[in-house]
Each structure stands twice: as C-alpha cells, then as structure tokens.
Amino acid sequence: MPSVRRHGTVVSLGFTGGRQATVGIMDLLAGARVVTGYGAHGDSGEEIAKGLDDLGRLTAEGRLRPVIDSRYALDDFEAGYTRLASREAVGSLVLER
C-alpha cells in the first residue's frame, strides 16, 4: 500500500494471483485508503462502453495512472506471457506494435 497516496483507491480488475490477497489493515486505516473490486460480468454493453469512456477521460486528465510492469513488442508476446505466468508482474503488461 505504500504506493497508494493518502485517501487513494486501489481498484482490482482481476485476480491472476489467486483468490486470496493479503492487505495490512493498518496500511488501509492509517492512510485512509480504499480497496474495491470491479467485474463487468453483469453489465450491459452500454455500461461497459461508458466505463471505458470514463477510464479514457480520467487517463487523459492525468487522474488515473495505471501501473505498467513491462512492455513487449507484439512479436515478443511469448516473453510477456512468460512474465505474466510467473506471477511476479506487478501491474499491467503492454504489448506494442
């Protein structure tokens, strides 16, 4: 939690590391931080499209800063998959053309 600012929010969009997570309760309380999850399983296409538009806007405004673990050329996707499968990645992996 040290990377999350005071009053910041962590949004989990998936769980490649398993179904259990360990979070220090004092890190949450002392920093007034929030952890929440999101899944689009029950959302309509319109709701998903609006959510993606909102994410794009927040990113463009600099209010959303995704954590990027590493970047790979599209031709080197196997190395990216290996990194993802290692469960050592922290953040997203980006494939670039």
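Note that the coordinates shown come from a computational prediction; the quantities given were computed from them, not determined experimentally. (Residues numbered from 1 in each chain as written. Predicted model: local features only at pLDDT ≥ 70, side-chain atom pairs only at ≥ 80, totals over all residues. Heavy atoms only, no water.)

(A) Examining the overall build of the protein chain more closely. Scanning the protein chain from terminus to terminus reveals three helices and four strands. Starting at the N terminus and walking to the C terminus, you meet the elements of the protein chain as β-α-β-α-β-α-β. If one aligns the C-alpha atoms of the protein chain with their principal axes, the spans along those axes are about 45 × 35 × 30 Å. The contacts in the protein chain between residues at least 6 apart in sequence include a share of 49% that link residues at least 24 apart. On the protein chain, roughly 8100 Å² of surface is accessible, and the fraction owed to carbon and sulfur atoms is 56%. If you average the places of the 12 positive and of the 13 negative side-chain charges in the protein chain, the two averages end up 9 Å apart. (Helix = DSSP H or I, 4+ residues; strand = E, 2+ residues; numbered from the N terminus. Contact = heavy atoms within 4.5 Å. Areas by Shrake-Rupley, 256 points an atom, 1.4 Å probe, with all protein chains shown as cover. Lys, Arg positive; Asp, Glu negative; His and termini not counted. Charge placed at Lys NZ, Arg CZ, Asp CG, Glu CD.)

(B) Here's a closer look at the pattern of salt bridges. The tally for this structure, following the rule as stated, stands at seven salt bridges. Residue R71 pairs with E96 through a salt bridge whose shortest N-O separation is 3.1 Å. Of this pair, R71 sits in strand β3 (residues 68-73) while E96 sits in strand β4 (residues 92-96), placing them 25 residues apart in sequence. Residue classification places E96 among the partly exposed residues on the basis of a relative accessible area of 35%. Here E88 makes a salt bridge to R83, at a shortest N to O gap of 3.7 Å. When its relative accessible area of 54% is taken as the criterion, E88 is described as exposed. Overall, R83 belongs to the partly exposed group, its relative accessible area being 24%. One network of salt bridges, in which partners are shared, links K50, D54, R57, E61 and R63. (Salt bridge = Lys/Arg side-chain N within 4 Å of Asp/Glu carboxyl O. Buried < 20%, exposed > 50% of the residue type's maximum accessible area, 1.4 Å probe, protein only.)

(C) Here's a closer look at a nonpolar patch on the surface. Together, V11, Y38, I48, L52, L55 and L64 line one region of the surface with nonpolar side chains, adding up to about 510 Å² of accessible area. Ranked by residues supplied to the nonpolar patch, first place goes to helix α2 (residues 45-60) with three residues. (Patch = residues over 30% accessible without salt bridge, like charges linked within 9 Å, V, L, I, M, F, W, Y side chains within 5 Å.)

(D) Expanded view of the pairing of β3. Here β3 pairs with β4 via five bridges, running parallel. Looking across to β4, one finds that R71 is bridged to V94. Crossover connection from β3 via helix α3 (residues 77-85) to parallel β4: handedness right-handed. (Pairing = 2+ DSSP bridges. Right-handed = clockwise from strand over helix to strand, strands pointing away.)

(E) Inspection of unusual backbone geometry at higher detail. Positive phi, normally seen in glycine, also occurs at A32, with a value near 50°. Looking at the element boundaries, A32 is found in the loop between α1 (25-31) and β2 (34-37). Residue classification places A32 among the partly exposed residues on the basis of a relative accessible area of 29%.

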